Amino acid sequence: MVVGQARPKQMTIAAIFDQGGDPKHELAFNHAVQSINRNRDILTGVELTSEIVHIPEGDSYMAERKTCYLLEKGVVAIFGPLSKPSSEHIKSITDSMEIPYIETRWNYRSQKVIGQAGDYAINLHPDITTLGAAYLDLIEAYEWKAITILYQDNDSMMTLKQIFDRTSTVGPMDEFRLVIKQLDHNENGYRDVLKEIFFSESNLIVLDCEKKILDEVLKQAQQVGLISQGYFFLLTSLDAHTVNLEDFKYGGTNFTAFRLIDVDKPEVQNVIYSIVESMIDKEMRMAINVPDGNLDTTTALIYDSVHAFALALNELSAVQQVRQ
């Protein structure tokens, strides 16, 4: 008598991505699901399946429709988009339905506030108060006193709040000073405000901007003379490591940045290889850019978020029966 092996129980997790977003995000999500299914040390007897939908960025109506569609299919968790309006709307629905909701986007609200809104949502992106404290710790460790802050928009104000609050503790004999300038873009690009900093002779600069404009800002800073001997930049973007700094390496400028990803780890290199080589056909490979083997933070967080959920589900399965 031959006893057949029981088929694994299927559970579906869903991801909602913004239309026109980075294709690496979807690839990371799918690869993470496959990686978990290959790992028999967690979720024994369970096979994860993925359901992916796309919505126009910032379209709350479509976000609601797609979320309801996924809930009707019985998904056990939803991974949200990067768009703030869509993500907030989806979160309100999943909270009411008591369905886990996982985010990886930058959020101006602290994680403590997010946690108070509902017990079913988590965000793997570093808390902005923690990031701000790290930036301030670095500035104090470097003993920077007269600092120029270049910021992109109002979101920067939240990220840099810890540094701004430092001025409230400045005593009459303290040399700590801040000059704050916004990265205004005009027909000259960002060169006008960068020239102001150059002529002010300020050499300690905190640059807070999105990765998508970081390379342009640095090239224009080089053009006006800010990328040269004696200048120090703190780049707050967690994707600064993916920007090619080759053109600036001989100018004598010191660049400092934080990153969450240890690209020297074999596990990280394996993930990069799997995403770029194993899961992409030749036509898509031309459109996917992973410079010098560096993975951007959001892609890494999406991959990690799926694993984090699988580990949590595995722990829950050990103490109670979990059904889809």
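This write-up is about the structure you can find in this document.

Basis of the calculations
- Here the residue numbering is sequential within each chain, running from 1 through the sequence in written order.
- Per-residue local features are limited, in this predicted model, to residues with pLDDT of at least 70; the limit for side-chain atom pairs, both in listing and counting, is 80 or more; totals at the level of whole chains, interfaces and linings are taken over all residues.
- With hydrogens and water set aside, each side-chain value is computed from the structure's full complement of heavy atoms.
- Should DSSP find at least two bridges between two strands, the strands are taken to pair.
- Each helix corresponds to a stretch of at least 4 residues labelled H or I by DSSP, and each strand to a stretch of at least 2 residues labelled E; elements are numbered beginning at the N terminus.
- Convention used here: a crossover is right-handed provided that the path from the first strand, over the helix, to the second strand proceeds clockwise when the strands point away from the viewer.
- To get an axis, fit a line to the C-alpha atoms, keeping to the stretch in contact for a helix; angles then go from 0 to 180 degrees between the N-to-C directions.
- Should any heavy atoms of two residues lie within 4.5 Å, those residues are counted as being in contact.
- Put simply, a nonpolar core is a bunch of buried Ala, Val, Leu, Ile, Met, Phe, Trp, Tyr and Cys residues held in one set by side-chain atoms that sit within 4.5 Å of each other.
- Each residue is placed in one exposure class: buried if its accessible area under a 1.4 Å probe, protein chains only, is under 20% of its type's maximum, exposed if it is over 50%, and partly exposed if it falls in between.
- In the sections that follow, a salt bridge refers to a side-chain nitrogen of Lys or Arg positioned within 4 Å of a carboxyl oxygen of Asp or Glu.

With that settled, the discussion passes to the pairing of strand β2 (residues 46-55). Where strand β1 (residues 9-18) lies against β2, 10 bridges are found, and the strand directions are parallel. Counterpart to M11 in the pairing with β2 is L48. Read from β1 through helix α1 (residues 23-38) to β2, the crossover connection turns out right-handed.

What follows deals with the sheet that holds strand β4 (residues 101-103). Overall, parallel pairing links the five strands, which are arranged β2-β1-β3-β4-β5 in an open sheet. Lying at the two open borders of the sheet, with one neighbouring strand each, are β2 and β5 (121-123). Strand-to-strand twist across the sheet, computed as the mean angle between neighbouring axes with direction ignored, equals 20°. Packing of α1 onto the sheet brings it into contact with β1, β2 and β3 (77-79), and relative to β2 it is tilted by some 170°. Packed onto the sheet, helix α3 (residues 84-97) meets β1, β2, β3, β4 and β5 and runs at close to 155° relative to β4.

Positive phi is not limited to glycine here, since L43 has a value of about 50°. As for its position among the elements, L43 is in the loop between α1 and β2. One non-glycine residue, E98, adopts positive backbone phi at about 60°. Of note, E98 is situated in the loop between α3 and β4.

Grouped together as the largest cluster of nonpolar side chains are 32 residues, with contacts concentrated most on I13, F29, L48, F79, V306 and F309. Among the elements of the structure, β1, α1, β2, β3, α10 (266-278) and α12 (297-319) are those that each provide at least two residues to this core. The biggest single contributor to this core is α12, with seven residues. If we ignore the near neighbours within four places in the chain, the residues touching V306 are I13, F29, A32, V33, I36 and F79. Judged by nonpolar contacts, the second largest core, of 23 residues, contains L194, L218, Y231 and L235.

As a further point, take the sheet that holds strand β6 (residues 146-151). Hydrogen bonds between backbone atoms are what pair the strands of a sheet, whose relative direction is either parallel or antiparallel. Here five strands make up an open sheet; going across it, the order is β7-β6-β8-β9-β10 and the pairing parallel. Among the strands making up the open sheet, the edge pair consists of β7 (177-182) and β10 (254-257). Between one strand axis and the next, the sheet turns by 20° as a mean value, whatever way the strands run. The sheet contact formed by β6 and strand β8 (residues 204-208) spans four bridges and is parallel.

Evaluation of the coordinates by the stated rule reveals 12 salt bridges. E51 is paired through a salt bridge with K73; the nearest N and O atoms lie 3.2 Å apart. Placement of E51 in strand β2 and of K73 in the loop between α2 (60-72) and β3 is noted, with a sequence separation of 22 residues between them. A salt bridge links D95 to K91; the shortest N-O distance between them is 3.2 Å. Taken together, the residues D95 and K91, both in helix α3 and four residues apart, mark about one turn of the helix. For K91, a relative accessible area of 5% translates into the label buried. Through salt bridges with shared partners, a single network forms among D22, K24 and D296.

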